[in-house]
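Inside the fold
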Amino acid sequence: MSTPIAVTERAMPGPETITVHEYANGLRLYIYENHTVPAVVVDGSLLAGSVFDPREKSGLAAMTAGMLRRGTRAHTFDELNEIIESVGAAIEIGGGRHALDLYANCLSEDLSLILHVLAEMVREPAFPEKEFQRLKQQTLTRIQEREHDTRSMAFITFRRLLYGDDHPYGRPVTGLRETVEAITLADVREFYRQHVGPQRGQLVVVGDVDPAVVIEEVGNLLADWQGTSLPLTVPPVPPVEMRREERVSIPDKTQSDIVLGWLGIPRKHPDWTPMVVANTIWGQFGMGGRIGDSVREKQGLAYYAYGSVDGNFGPGAWTATAGVAPQNVDRAIASILAEARRLRDEPVTPEELADVQTFLIGSLPIRLETNEGLASAIADMAWYDLGLDYLQKTEERVRAVTVEDVQRVARAYMDPETYVLAVAGPA
Amino acid sequence: MGTEHTVADTVAPTLAVVGDVTRTQLENGLTVVLKEMHTAPVISTWVWYRVGSRNEVPGKTGISHWVEHMQFKGTPKYPTGTYDRLLSREGGIFNAMTWFDYTAYFETLPANRVELALDIESDRMVNSLYDPEEVERERTVIISERSMNENRPTFLLAEEVQSTALKVHPYRHEIIGWLADLKTMTRDDLYTHYRRYYAPNNAVLVLVGAFHTQPMLELVRRYFGDLDPRPLPRDVIPPEPPQRGERRVEVHGGGDTHYVQMAFHAVPATHEDFFPMIVLDAVLGGAKSFGGGGSSNRSSRLYRGLVATGLAADADSWVGPMIDPYLWWFDATVNEGHSHEEVEQALWQEIQRVQEDGVSPEELRKAVKQVRAHFVYGAQSITNQARWLGFAEVVTSQEWLASYLENVAAVTAEDVQRVAQTYLRRDQVTVGWYVASTG
């Protein structure tokens, strides 16, 4: 019998397959061809995120991002929606911590149209008063819903405790009720003028495209854009010196959400890969790693219980999350902390480490199957300046992590006495 | 730049998803659907069982979903917890899902590890243990899953609307089941359900990815060919009696935000009005990708009538392909300063407008293009293509999937108006209001 397995080689994106073009105004374009289907994804970032929000107007960057989508000098919001949706495409503009995020997907036959619209939105926003009022009202309704959502409130509270009220990472990107209410259209215009520009901006285009054509088209649309951007800054994060804990009461709920964790590291930190490996053992591998095994599989306490790490230009967080019945909150917290202690006190077994390494390496082809997956991975390499060979070196990086590294990062970053804990649920 | 742009070629003659599907049946009744896809060194393996909450009876609601959870709890060959490790360390992704009409399991793995998936799936089709202690631990996990849902006001409201709109058909209860049943079902109930429905002659195996069809079929025979068929139950699923007049429910609960939902009776996937219904749904609430979410719906009629006017923070609709008649949903989140009445009134106004004035050729053209685009986007993923093929097999047929776009494109403005008049009637609605205690 001949073999049923077909040989399919799919190279990992890297310097030799990603076309890079930098325009004179500082905007960088990254193009990767994927001709699987006749479609394209555009993933862009401009340096205009919520870190620039004035404290009393937090949510301003997100509101500005939203307003770019809501009308240009040439087209009303309604007309833009009609143009985009008529061709089954999407354009979304949203606020992030450091980045103003642009996202578009479309059939390749419509790429020119979509690039035109996207360029119009970032260069010639009209900021119509009526749309501003609508967006503000919608944002306030979302915040109102969020205030009664246990998971959102646990995360928001956790970040406030971890980074402090004064740090921009400590506030939700969408803002708070009172800060959103305080934002005026004049604030949005001013934020746009100060921050939304091409310097250090990037566009990643992935899909069924011809790079030379894309370079020319984007050049025609954006090369003469002269908006400004302020430089990248991350305020320092004061260390957590004693345990911080807060329990938020949300009446009439059935279960509580727990977020417990520590200050992590920036995305480009040398400990990033060891921390990802350690977290995968602690809270990801299989069904939630050791945390899932203890909290869900062995004790039956939760439907979800897992660990995660995030990182940005500044330090992210290393957290565990679980949703449990109110009477089981303390038991779940104790279990999470017990797994943190075990990761610090006992070396992981070589088998456990090897399993997690093959998982992190082997799952890449699935993650990189679609235009979205490819664009997001390439955008990360570019935005955090990791090097365009970062994906290709995944195997090397992950294989280099040792049993000692896992224990070292656990000891360095997760202190089972000095942690930050937020619980939101019924009183 | 101008607004002019032409939408040429709105109907592609064939979809990427349709080409070269091999469908066959083994002697034991297992349906096998194979499709080669050589875009990544990956194979996605799915097993679909023709059982879901549609097959459940009062007192045992939620049993299909609980059985799905128990299928991860081990066999003599693969004790509990081993799947996670074996699949994950290969870099695989895996999961399972229970729907009204089916229960499905999948593993997407590097192509050269496909036999692991075949071995796991053929083994747990017949050898699962249902250890009583594992059953008890999973009981609390599932109750926790239900609690997570109950934390969302829209779940509480939808559960109430659904069980009011449907009085007899088992689509009336949520897939997760009623809490009382989750507390009382026993290990033997679960095991009996498993033995009754999990058999090759009640299952569909789908493989999509980097393989050669003929030798793959031989491999499939080696893993599944020896499993014995079983006598299948003849479930009598009671049809829903006609609704004679509007029904209304209110759910009161915490929070500051009010919600409105409306549900009408929809036709099943195989009904001649299904495609006009899909097109009308796209015009009203935006096109949805097949089996998944949609992109934005800001040019839809509901958005323009409810969100752009400031009444609601969002407004949406949903109807999908089902074996039996289910529901056509409309929902909206009421903005502060506005009332349930205003939002409900605006929803009716949009429905009436279609009933009285119909839809435009541009709206039809847009719906077709959106459906086509969603198929193209979804076709990138091997896992997703396998999901489409399996879904079509258990809910309708491969032919239905293959001609989906063609059928959408054939819908006329008259069809759409007629469907609006026939199904979106005031005497056929169940209206639900979530009344927030502090809103």
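Residues numbered from 1 in each chain as written. Chains lettered and ligands numbered in written order. Predicted model: local features only at pLDDT ≥ 70, side-chain atom pairs only at ≥ 80, totals over all residues. Heavy atoms only, no water.

Digging into the overall build of chain A
When helices and strands are counted, chain A shows 16 helices and 11 strands. Per-residue burial for chain A yields a buried fraction of 63% across its 427 residues. Accessible surface, chain A as shown: approximately 15900 Å² in total, 53% of it carbon and sulfur. Across chain A, 41 positive and 60 negative side-chain charges occur, with their mean positions spaced 6 Å apart. (Helix = DSSP H or I, 4+ residues; strand = E, 2+ residues; numbered from the N terminus. Buried < 20%, exposed > 50% of the residue type's maximum accessible area, 1.4 Å probe, protein only. Areas by Shrake-Rupley, 256 points an atom, 1.4 Å probe, with all protein chains shown as cover. Lys, Arg positive; Asp, Glu negative; His and termini not counted. Charge placed at Lys NZ, Arg CZ, Asp CG, Glu CD.)

Things to note about the interface of chain B and chain A
Between chain B and chain A, the contact holds 84 residues from the first and 76 residues from the second. Interface area for chain B against chain A, summed over the two sides, is near 6800 Å², with a carbon-plus-sulfur share of 53%. Scanning the region where chain B abuts chain A turns up 13 salt bridges. Arg304 of chain B serves as the salt-bridge partner of Glu82 of chain A, at 2.8 Å between the closest nitrogen and oxygen. With nine residues, helix 4 (residues 132-150) of chain B is the single largest residue contributor to the side of chain B that touches chain A. For the side of chain B that touches chain A, the per-class residue count stands at 31 nonpolar, 34 polar and 19 charged. (Contact = heavy atoms within 4.5 Å. Buried area = accessible area lost by both parts, 1.4 Å probe. Salt bridge = Lys/Arg side-chain N within 4 Å of Asp/Glu carboxyl O. Nonpolar A, V, L, I, M, F, W, Y, C, P; charged D, E, K, R; others polar.)

Here's the deal with the nonpolar core
Counting 157 residues, the largest nonpolar core has Trp328 and Tyr404 of chain B as the members making the most contacts within it. Those residues in contact with Tyr404 of chain B that lie beyond four places of it in its chain are Phe274, Phe275, Ile278, Phe290, Val371 and Phe375 of chain B. Counting residues in each nonpolar core, the second largest holds 69 residues, with Val277, Val329, Leu353 and Met414 of chain A among its members. (Core = buried A, V, L, I, M, F, W, Y, C linked by side-chain atoms within 4.5 Å.)

Quick word on the environment of Gln398 of chain B
Residue and element names in this part refer to chain B. Turning to its location among the elements, Gln398 is positioned in helix 14 (residues 398-402). In this structure the C-alpha to C-alpha distance between Gln398 and Pro242, which are 156 residues apart in sequence, comes to 31 Å. With sequence-adjacent residues up to four places away left out, Gln398 is seen in contact with Arg23, Val33, Leu389, Ala392 and Glu393. At 3.0 Å, the side chain of Gln398 and the backbone oxygen of Leu389 are in polar contact. (Polar contact = N/O pair within 3.5 Å; in protein donor to acceptor, adjacent residues only side chain to side chain.)

Description of helix 4 (residues 129-146) of chain A
The end-to-end C-alpha distance of helix 4 of chain A, which contains 18 residues, comes to 26 Å, matching closely the 26 Å that a straight helix rising 1.5 Å per residue would cover. Within helix 4 of chain A, 13 of the 18 residues are buried, leaving the element largely enclosed by the surrounding structure. (Expected span 1.5 Å × (residues − 1).)

Considerations on the domain arrangement of chain B
All names here are of chain B. Considered domain by domain, chain B is made up of domain 1 (21-224) and domain 2 (247-436). Relative placement of domain 1 and domain 2: their C-alpha centres are 28 Å apart. In this complex, domain 1 contributes 39 residues to the contact, which on the side of domain 2 involves 34 residues. Carbon and sulfur atoms make up 74% of the area that domain 1 and domain 2 hide from each other, which totals about 3300 Å². Run the count over domain 1 and domain 2 and you get two salt bridges. Between Asp324 and Arg54 there is a salt bridge, with the nearest N and O atoms lying 2.6 Å from each other. The interface formed by domain 1 and domain 2 contains 14 residue pairs in polar contact (both at pLDDT 80 or more). For the side of domain 1 that touches domain 2, the secondary structure elements donating two or more residues are strand 1 (21-25), strand 2 (31-36), strand 3 (42-49), strand 5 (103-110), helix 5 (153-165) and strand 6 (203-209). Of all the elements, helix 5 adds the most residues to the side of domain 1 that touches domain 2, at 10 residues. Within the side of domain 1 that touches domain 2, the residues separate by chemical class into 23 nonpolar, nine polar and seven charged. (Domains from an automatic or database assignment.)

Regarding the sheet that holds strand 2 (residues 28-33) of chain A
Residue and element names in this part refer to chain A. If you trace the six strands from one edge of the open sheet to the other, you get 1-2-6-3-5-4, paired in mixed fashion. Whereas interior strands pair on both sides, the edge strands pair on one side only; in this sheet they are strand 1 (19-22) and strand 4 (90-95). Direction aside, the axes of adjacent strands within the sheet are offset by 10° on average. Sheet analysis places strand 1 next to strand 2, joined by four bridges and oriented antiparallel. If you follow Glu22 over to strand 2, its bridge partner there is Arg28. Of the strands in this sheet, strand 2, strand 3 (39-46), strand 5 (100-107) and strand 6 (202-207) touch helix 14 (residues 371-383), which is tilted by about 150° from strand 6. (Pairing = 2+ DSSP bridges. Axes fitted to C-alpha atoms, helices over the stretch in contact; angles between N-to-C directions.)

Some points on the domain arrangement of chain A
Residues and elements named next belong to chain A. For chain A, the assigned domains are domain 1 (19-222) and domain 2 (244-425). Relative to domain 2, the C-alpha centre of domain 1 lies at a distance of 28 Å. Carbon and sulfur atoms supply 67% of the area that domain 1 and domain 2 bury against each other, a total of about 3100 Å² over both sides. Contact with domain 2 buries area across many residues of domain 1, yet Thr150, Phe158 and Leu161 alone supply 20% of it, more than any other trio. Joining domain 1 to domain 2, the criterion identifies one salt bridge.

So, unusual backbone geometry
Residue Asp252 of chain A is not a glycine yet carries a positive backbone phi of 70°. The topology assignment puts Asp252 of chain A in the loop between strand 7 (244-249) and strand 8 (256-263). Unusually for a residue other than glycine, Tyr130 of chain B sits at a positive phi of about 55°. Position of Tyr130 of chain B relative to the elements: it lies in the loop between helix 3 (114-124) and helix 4.

Overview of the sheet that holds strand 8 of chain A
Residues and elements named next belong to chain A. An order of 7-11-8-10-9 is seen for the five strands of this open sheet, with the pairing classed as mixed. For this open sheet the edge positions go to strand 7 and strand 9 (302-309), each flanked by a neighbour on one side alone. When the angles between neighbouring strand axes are averaged without regard to direction, this sheet yields 10°. Examined bridge by bridge, strand 9 and strand 10 (residues 317-324) share six bridges and lie antiparallel to one another. Bridge pairing in strand 10 links Ser308 to Thr319. Taken strand by strand, helix 11 (residues 329-345) contacts strand 7, strand 8, strand 10 and strand 11 (420-425), and its axis lies near 25° from that of strand 8.

Looking at the packing of helix 9 (residues 272-283) of chain A against helix 16 (residues 403-413) of chain A
Residues and elements named next belong to chain A. Interhelical geometry of helix 9 versus helix 16 gives an angle of 90° and a closest axis separation of 9 Å. Here helix 9 lies roughly perpendicular to helix 16, going by the angle between them. Between helix 9, through Pro274, Met275, Val277, Ala278 and Ile281, and helix 16, the contact on the second element is made entirely by Asp405, Val406, Arg408, Val409 and Tyr413. Tallied by class, residues from the contact of helix 9 with helix 16 come to eight nonpolar, no polar and two charged. (Parallel < 35°, antiparallel > 145°, perpendicular 65-115°, else oblique.)

Examining the environment of Val324 of chain A
With respect to the helices, strands and loops of the structure, Val324 of chain A is situated in strand 10. Sequence-distant contacts of Val324 of chain A, that is, excluding residues within four places in its chain, are made with Gln255, Ser256, Ile258, Leu301, Ala302, Val329 and Ala332 of chain A.

A short note on the packing of aromatic side chains
Applying the stated criterion across every chain, the model contains 39 aromatic pairs over all chains. The interplanar angle of 65° and the centroid separation of 5.9 Å between the aromatic rings of Tyr259 of chain B and Tyr434 of chain B together place this pair among those described as edge-to-face. Of this pair, Tyr259 of chain B sits in strand 8 (residues 259-265) while Tyr434 of chain B sits in strand 11 (residues 430-436), and the two are 175 residues apart along the sequence. A network of ring pairs unites the aromatic residues Tyr49, Phe72, Tyr78, Tyr83, Tyr105, Tyr130, Tyr191, Tyr194 and Tyr198 of chain B as a single cluster. Just above the ring of Tyr304 of chain A sits the side chain of Arg151 of chain A; from NZ or CZ to the centre is 4.0 Å. Over the aromatic face of Tyr390 of chain A sits the side chain of Arg397 of chain A, whose NZ or CZ is 3.5 Å from the ring centroid. (Phe/Tyr/Trp six-rings, centres within 6.5 Å; stacked < 30°, edge-to-face > 60°. Lys NZ or Arg CZ within 6 Å of the ring centre and 35° of its normal.)

Things to note about helix 11 of chain A
Taking 1.5 Å of rise per residue, 17 residues should cover 24 Å, and helix 11 of chain A covers 24 Å from first to last C-alpha, within 8% of that figure. Buried within helix 11 of chain A we find Val329, Ala332, Ile333, Ser335, Ile336, Leu337, Glu339, Ala340, Leu343 and Arg344 of chain A.

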